Amino acid sequence: MDVEIATITKIEIQKRNKGRCAIFLDHEFAFGLDAAIVVQHGLKAGDQITQVQISEILYEEEKQRIKEQVYRFLARRAHSEKELRTKLLRKRFEKSLVEAVILELERQKLVDDAAFAHAFVHSRLRSKPLGEHALRQELRNKGLAETHIASALQKAYDEKSQVDYARELIQKKMPHYEEFEDRIKKKRLADFLVRRGFDWELVKEVLEEKFRAED
């Protein structure tokens with residue numbers, strides 16, 4: 001639009017999406033806006049609006065679109081900051097706007113890597129127990145800071161130690177290897193625990209304990 005100042009001649013709720021409004025400037029459709037943005041800026045028919053104001057409003061509109069996408073992601077499951085950033089950029093949202101939205105949501109604690117780390121570790125250990133090495137790598141892959149990772153792992157393993165998790169996994173796996181001699185049992189159990197991210201020294205300790213108890 002070439003003019004510096006335009007007049008809002010009509011604001012119309014869109015038929016297909018009641019949460020959005022069509023904005024008409026000087027009797028011509030100009031752009032669509034989220035209804036919340038219309039309310040936020042107090043827009044109404046008869047208002048005069050400058051190009052600078054239009055740019056600011058459209059900036060807020062795009063941020064709102066990004067927020068709505070974030071809410072959809074979070075409705076499915078919790079996400080780390082890195083996961084959200086990666087997904088939003090894949091949807092071709094402008095990087096500066098993505099960063100602005102993430103920063104705002106962090107201030108509101110809707111994006112919180114520390115809380116995410118604790119929740120993720122708790123869920124993972126409940127559904128698929130892992131040793132510290134494997135769990136730490138999963139958290140790193142999600143872009144979490146080492147301080148958040150260390151805090152989450154320490155709290156989780158203080159509540160229930162890696163040794164206890166390893167013992168439980170051995171107990172569940174043992175029936176699968178009943179037909180094998182002890183040497184093969186130990187090898188297969190050791191391989192299984194190492195794949196699950198348990199330290200080799202810990203693996204040796206719990207296996208020795210287990211097979212001593214059965215002698």
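Here, every reference points to the structure presented above.
None of the values given here were measured: they were computed from a predicted structure. By convention here, each chain's residues receive numbers from 1 onward along its written sequence. Only residues with pLDDT of at least 70 get local features here, since the model is predicted, and only at 80 or more are side-chain atom pairs given and counted; chain-wide, interface and lining totals rely on the full set of residues. Excluded from the side-chain calculation are hydrogens and water; included are all heavy atoms of the structure.

**Considering unusual backbone geometry**
In most cases, non-glycine residues show a negative phi, while peptide bonds are predominantly trans.
Thinking step 1. For Asp26, which is not a glycine, the phi torsion comes out positive at approximately 50°.
Thinking step 2. Strands are runs of DSSP state E lasting at least 2 residues, helices are runs of H or I lasting at least 4, and numbering of each runs from the N terminus. Mapped onto the secondary structure, Asp26 falls in the loop between β2 (20-25) and β3 (28-34).
Thinking step 3. With a 1.4 Å probe rolled over the protein chains alone, any residue whose accessible area is under 20% of its type maximum counts as buried; one over 50% counts as exposed, and the rest are partly exposed. Asp26 gets classed as partly exposed once you look at its relative accessible area, which sits at 37%.
Thinking step 4. Of note in the backbone geometry, Arg92 takes a positive phi value of approximately 65° without being a glycine.
Thinking step 5. Positionally, Arg92 belongs in the loop between α3 (81-90) and α4 (95-107).

**Let's talk about the side chain of Glu61**
Thinking step 1. Positionally, Glu61 belongs in helix α2 (residues 51-76).
Thinking step 2. A distance of 2.7 Å separates polar atoms of two side chains, one belonging to Glu61 and the other to Arg20.
Thinking step 3. Glu61 has contacts with Arg20, Gly32, Leu33, Asp34 and Ile37, leaving out every residue within four places of it along the chain. N or O atoms within 3.5 Å of each other form a polar contact, as long as, within protein, one can give a hydrogen and the other can take it, and as long as residues adjacent in sequence are counted only when both atoms are side-chain atoms. Every residue pair with non-hydrogen atoms within 4.5 Å of one another is taken to be in contact.

**A few points about the sheet that holds strand β1 (residues 5-13)**
Thinking step 1. Taken together, the four strands give an open sheet; going across it, the order is β3-β2-β1-β4, and neighbouring strands pair in antiparallel fashion. With one partner strand each, in any of the chains shown, β3 and β4 (48-50) form the two edges of the open sheet. Averaged over neighbouring strand pairs, the angle between their axes works out to 45° when direction is ignored.
Thinking step 2. Both β1 and β4 contribute to a ladder of three bridges, which runs antiparallel. By the bridge assignment, Ile5 is partnered in β4 with Thr50.
Thinking step 3. Axis lines are fitted through C-alpha atoms, for helices just across the contact stretch, and the angle between N-to-C directions can take any value from 0 to 180 degrees. Strand contacts of α2: β2, β3 and β4, with the helix running at about 80° to β4, the strand carrying the most contacts. The pairing criterion is simple: DSSP has to find at least two bridges between the two strands.

**Describing the environment of Phe29**
Thinking step 1. Mapped onto the fold, Phe29 is located in strand β3.
Thinking step 2. For Phe29 and Ala166, which are 137 residues apart along the polypeptide, the C-alpha to C-alpha distance reads 65 Å.
Thinking step 3. Sequence-distant contacts of Phe29, defined by excluding residues within four places in its chain, comprise Ala22, Ile23 and Phe24.

**Structural notes on the packing of helix α6 (residues 132-141) against helix α7 (residues 146-159)**
Thinking step 1. Between α6 and α7, whose axes approach to 10 Å, the crossing angle comes to 145°. Considering only the axes of α6 and α7, their crossing is right-handed. Only Glu146, Ile149, Leu153 and Tyr157 of α7 make contact with α6, whose side of the interface consists of Glu132, Leu135, Arg136, Leu139 and Arg140.
Thinking step 2. Split by residue class, the contact of α6 with α7 holds five nonpolar, no polar and four charged. Should the near helix be turned anticlockwise from the far one by less than a right angle, the crossing is termed left-handed; should it be turned clockwise, right-handed. Any residue outside Ala, Val, Leu, Ile, Met, Phe, Trp, Tyr, Cys, Pro, Asp, Glu, Lys and Arg is labelled polar, Gly included; the first ten of those are nonpolar and the last four are charged.

**Quick look at the pairing of β3**
Thinking step 1. For β2 and β3, the ladder comprises six bridges, and the chain directions are antiparallel. Within β3, the residue paired with Cys21 across the bridge is Leu33.

**Observations concerning the layout of surface pockets**
Thinking step 1. A 1.4 Å probe that fits but cannot get out identifies a cavity on a 1 Å grid over protein atoms alone, an open set with protein on both sides within 12 Å along at least five of seven lines counts as a pocket, and a residue lines either if it has an atom within 4 Å of a point. Grid points are joined across faces, edges and corners, and a volume is the space filled by probe spheres set on the points. Within this model, the largest pocket holds a volume of roughly 170 Å³.
Thinking step 2. Forming the walls of the largest pocket are His118, Ala119, Val121, His122, Leu125, Arg126, Ala152, Lys155, Ala156, Glu159, Lys160 and Tyr165.
Thinking step 3. Elements represented by at least two residues in the lining of the largest pocket include exactly α5 (113-127) and α7.
Thinking step 4. Sorting elements by how many residues they give to the lining of the largest pocket places α5 first, with six residues.

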